[in-house]
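Remarks on the overall topology
Chain by chain, the residues run as shown.
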Amino acid sequence: MSNIPIRNISKVSRLFQPMTSRISTIKKSEVFSKSYEHLIKYGFIKQVNSGMYAYLPLALRVLNKLTTLVDNEMERIGAQKILLPALTSTHLWKQTDRYNNNKSELFILKDRSNKEYILSPTCEETICNLLSSSGIISSQILPLKLYQISSKWRDEMKPRHGFLRSREFLMKDLYTFDLSLNNALKTYEEVCEAYENIFKNIGLTFVKAVGDPGFIGGSVSHEYHYKSSIGEDVVCICSSCQYAVNKVMCNDTHCPKCKNTLVQEQAIEVGHTFLLNTKYTKPLNVKSRIVDTASPLVMGCYGLGLSRIFTMLAEILSTETELRWPKHLAPYTLSIIPPKKGSKEESANQYVDKVIEILDELNIDAILDDRSDLTIGNRLMHARVTGIPYVIIIGKATQKSPPLFEIHDINNSTQCDLSLDNMYSYFNDEKTSNIIESTKVSKAN
């Protein structure tokens, strides 16, 4: 390790990133998934059981940035964050008639008193029980919007593609409660707009489609998809008016809006919204007082598969050999590579602190590849396969007057030499024009 005198900064030499050259868990019969292979190979996730994975430090940095993006949008619409227990008593699922219909996909266990619980795949019953046990809900706090980000469980028969079909997954689930169906429709539209903002800010083209309510139910339902060749859903899309519908809900080959032909696309569902009416609030006694009568509240539920979105970012953006991320969601925005120990450029280490100071002022999260026993080329390749979008090389160009630094924009395959002073304008321009990229939105009204 180099003896470079540096301030507090993350260092590659200290990074827990167990990389491997071969993936033993992929069967030849399975459809190839870039994301699964790369995330395992480059030390982002580690399988611990069938369909269950540990998020390693780099993966968690991506997820934390994604979570912050979601939290900011939820706060904007007045949603309050909570955290519900992982276990739900089976008697609640029996009250809503969901227990027997979905038993094969549930993880069910008993405590020492022989009381039966479910490892929750979704929490409609749990949130309703929480509210009903709190008494009559005051109309003054409606619409009430409560959400959490937590692990959910589903006993998949054939787990595959990592988090795209896993037994444990990370989900953002929001539950809303209104006095009337009309009010609930307004809340539904508001949340759908928030979801569209989230997907726009992520920066990948998405499809909003009329959805299949499935076992959750509801009178209105929409799904959010990313198109992908490994997708297990099929979405029918009109190229003219952008109407889209899940094939399960589609009984025609033509768009009901403009009558043009619907085209089928493979896709991965990463979000789903439901207007549930009183399906859960009525049997679980969630009420608010209207005049002299306590009436069941009208409920909506809204899910985002954060671990699926995380996986699809890697699946869609990555090359055949290297991970890629949206610049604002990458584990680190930038990697600093100082000279190799013993090289002619080793004296350029004097600039490391100054580069870090500039990046601090620009609020750019950077990591220092301080493994100075390795060549610059080896360390540049490490940054590339990890998906770090920018690299600063402190090398031979520093011997010029004024000293210059190689700036590599990995995602766009460009390189330039800049002085220390010009770094400010370069990265300020990148922040405003490139780091949050534009997206085209395909959606159904």
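Look up a bit, the structure's there.
These remarks concern the structure in this document. (Residues numbered from 1 in each chain as written. Predicted model: local features only at pLDDT ≥ 70, side-chain atom pairs only at ≥ 80, totals over all residues. Heavy atoms only, no water.)

A look at the overall build of the protein chain
- Counting its secondary structure elements, the protein chain contains 9 helices and 23 strands.
- Against the globule reference of 22 Å for 445 residues, the protein chain gives a C-alpha radius of gyration of 25 Å, in line with a compact fold.
- Across its three principal directions, the C-alpha atoms of the protein chain cover 80 × 60 × 50 Å.
- Expressed as a percentage of contacts within the protein chain between residues at least 6 apart in sequence, the contacts between residues at least 24 apart total 70%.
- On the protein chain, roughly 20300 Å² of surface is accessible, and the fraction owed to carbon and sulfur atoms is 48%. (Helix = DSSP H or I, 4+ residues; strand = E, 2+ residues; numbered from the N terminus. Rg over C-alpha atoms; globule rule 2.2 N^0.38 Å. Contact = heavy atoms within 4.5 Å. Areas by Shrake-Rupley, 256 points an atom, 1.4 Å probe, with all protein chains shown as cover.)

Details of the pattern of salt bridges
- For the structure on display, the rule yields 20 salt bridges.
- Here Glu265 makes a salt bridge to Lys227, at a shortest N to O gap of 4.0 Å. Placement of Glu265 in strand 14 (residues 262–277) and of Lys227 in strand 11 (residues 220–227) is noted, with a sequence separation of 38 residues between them.
- In this structure, Glu357 engages Lys354 in a salt bridge whose closest nitrogen and oxygen atoms are separated by 3.7 Å. Linking Glu357 with Lys354, this pair stays in helix 7 (residues 352–361), spanning 3 residues, or about one helical turn.
- Taking relative accessible area as the criterion, Glu357 reaches 27% and is therefore assigned partly exposed.
- A single salt-bridge network, built from bridges that share partners, covers Arg154, Glu156, Arg160, Arg165 and Glu232. (Salt bridge = Lys/Arg side-chain N within 4 Å of Asp/Glu carboxyl O. Buried < 20%, exposed > 50% of the residue type's maximum accessible area, 1.4 Å probe, protein only.)

Quick word on helix 2 (residues 57–76)
- The end-to-end C-alpha distance of helix 2, which contains 20 residues, comes to 29 Å, matching closely the 28 Å that a straight helix rising 1.5 Å per residue would cover.
- Every buried residue of helix 2 is accounted for by Leu58, Ala59, Val62, Leu63, Leu66, Thr67, Leu69, Val70, Asp71, Glu73 and Met74.
- Count one or two residues on from helix 2 and you reach Gly78, which has phi positive near 85 degrees. (Expected span 1.5 Å × (residues − 1).)

Quick notes on the sheet that holds strand 1 (residues 10–11)
- The sheet built from 6 strands is open, its strands ordered 1-19-18-20-21-22 with mixed pairing. Across the chains shown, the open sheet's two edge strands, defined by having one partner strand only, are strand 1 and strand 22 (414–418).
- Pairing geometry for strand 18 (residues 334–337) and strand 19 (residues 366–368), over 3 bridges, is parallel. Each residue of the ladder has a partner; that of Leu334, found in strand 19, is Ala366. (Pairing = 2+ DSSP bridges.)

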